[in-house]
Amino acid sequence: MTPAPQDDPKTLVSTDWLAQHIKDPDLRIIDASWHMPATGRDAKAEYDSAHIPGARFFDIDEISDHRSDLPHMAPPVEKFISRMRAMGIGDGHQVVVYDSTGLFSAARVWWTFRLMGKMDIAVLDGGLPKWQAEGRDIEDMPPVVRDRHITVQRQSGLVKDVTQVAQASKLAETEIIDARAAARFKGEAAEPRAGLRSGHIPNSKNLPFGNLLNGDGTMKAPDVIKAAFEAADVDLSKPVITTCGSGVTAAILSLGLERIGHKNHALYDGSWSEWGMFDDLPIAKG
């Protein structure tokens, strides 16, 4: 079977690629499904009832920094190491991460691995829905896990905090791109999280993450992705900071940037959950 042209084990692989490699001894598969609280869906329960054979479940809310009041902030290095060892994921593994939406939360885990210096990770294009639509195997058995040593080297340049984003907003030398829906960006729709102001970071641009996806949850071709960034008035000669509601869908923009060869990007981990909370931070509307 010829790999699809988009297959890249460091960014995105097709269901055909995964089917071809699923029995590779050093392949590890992660189910990174996560849902907005309002959906009422239980990602772990869904994983327990049906997942791609051998997949481990990555709990985005649990494998996070619980010292922070903000939702699912990137985990401390020690916590990431302990959770990955418990999942049997370590050095020398090629990881494929998917979610049950198509492409929604999987990119966040892809970014988290990269933040920890682990680059051999790809998102499954189209995720579990595409895998199942093609009639491929699923199972409800927990995987057999063997502890594996993992070496982590945090790449601090891939994440930005509120101070760095505030400076970037003032200086306008970096493109800040917001993945939220246009109505939320413009301040016309209320935020799903209580207590947050509406609007966006001054000098940021809006590119809703869905603009990078096809109807089946697969990612658009690199040339179409590049055109989407340009249509959002993004200057791709500048460094980029991606942001969204809570740092999950911002990672889809980060994945898109990586797919078009734009390497100079970082993610604002606090995103609007942090920026929208503090009255002393400026907001723009419209």
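Residues numbered from 1 in each chain as written. Predicted model: local features only at pLDDT ≥ 70, side-chain atom pairs only at ≥ 80, totals over all residues. Heavy atoms only, no water.

Trainee: How should the side chain of Glu191 be read in this particular structure?
Mentor: With respect to the helices and strands, Glu191 occurs in the loop between helix H7 (182-186) and strand E8 (204-206). Reaching out from Glu191, the side chain makes a polar contact with the side chain of Arg184 at a distance of 2.8 Å. When sequence neighbours within four positions are dropped, the list of residues in contact with Glu191 reads Arg180, Arg184, Leu196, Arg197, Ser198 and Trp272. (Helix = DSSP H or I, 4+ residues; strand = E, 2+ residues; numbered from the N terminus. Polar contact = N/O pair within 3.5 Å; in protein donor to acceptor, adjacent residues only side chain to side chain. Contact = heavy atoms within 4.5 Å.)

Trainee: Help me understand the nonpolar core, please; the structure alone is not making it clear to me.
Mentor: A general tendency of soluble globular proteins is for nonpolar side chains to be buried together. Ranked by size, the top nonpolar core spans 51 residues in total, and within it Phe58 and Phe113 carry the most contacts. Looking at this core, the element that brings in the most residues is helix H4 (residues 106-115), giving 7 residues. In contact with Phe113, not counting residues within four places along its chain, are Ile30, Phe58, Phe80, Met84, Ile89, Val95, Lys118 and Ile121. Membership of the second largest hydrophobic core comes to 16 residues, among which are Leu18, Ala43, Tyr47 and Tyr98. (Core = buried A, V, L, I, M, F, W, Y, C linked by side-chain atoms within 4.5 Å. Buried < 20%, exposed > 50% of the residue type's maximum accessible area, 1.4 Å probe, protein only.)

Trainee: Is there a simple way to think about the pairing of strand E9 (residues 240-243) in this case?
Mentor: The side-chain alternation of E9 yields two buried faces, one formed by Val240 and Thr242 and the other by Ile241 and Thr243. Here strand E7 (residues 175-178) pairs with E9 via 4 bridges, running parallel. Pairing of Glu175 across the sheet is with Val240, part of E9. Where E9 lies against strand E10 (residues 265-268), 3 bridges are found, and the strand directions are parallel. For Thr242, the partnering residue across the bridge sits in E10 and is Leu267. You can see the chain leave E9, run along helix H9 (residues 250-259) and come back into E10, and the turn it takes is right-handed. (Pairing = 2+ DSSP bridges. Right-handed = clockwise from strand over helix to strand, strands pointing away.)

Trainee: So what exactly am I meant to see when it comes to the sheet that holds strand E1 (residues 12-13) here?
Mentor: Hydrogen bonds along the backbone pair up the strands of a sheet, which may run parallel or antiparallel. Read from one edge of the open sheet, 5 strands run E1-E5-E4-E2-E3, paired in parallel fashion. Looking along the sheet, the strands with just one partner apiece sit at the ends: E1 and strand E3 (56-57). Strand direction decides the pairing type here: strand E2 (residues 27-31) and E3, joined by 2 bridges, are parallel. Across the sheet, the residue bridging to Asp31 is Phe57, located in E3. Sitting on the sheet, H4 is in contact with E2, strand E4 (94-98) and strand E5 (121-124), with an inclination near 180 degrees to E5. (Axes fitted to C-alpha atoms, helices over the stretch in contact; angles between N-to-C directions.)

Trainee: So what exactly am I meant to see when it comes to the sheet that holds E9 here?
Mentor: An order of E6-E10-E9-E7-E8 is seen for the 5 strands of this open sheet, with the pairing classed as parallel. What marks the edges here is a single partner per strand, and that holds for strand E6 (159-160) and E8.

Trainee: It is not clear to me how the side chain of Ser273 should be interpreted in this structure. Could you clarify?
Mentor: Mapped onto the secondary structure, Ser273 falls in helix H10 (residues 271-275). Ser273 gets classed as buried once you look at its relative accessible area, which sits at 4%. Here Gly245 takes part through its backbone oxygen, which lies 2.8 Å from a polar atom of the side chain of Ser273. Contacts of Ser273, omitting those with residues within four sequence positions, involve Leu70, Pro71, Arg193, Leu196, Gly245 and Ser246.

Read these as spatial facts, not as claims about activity.
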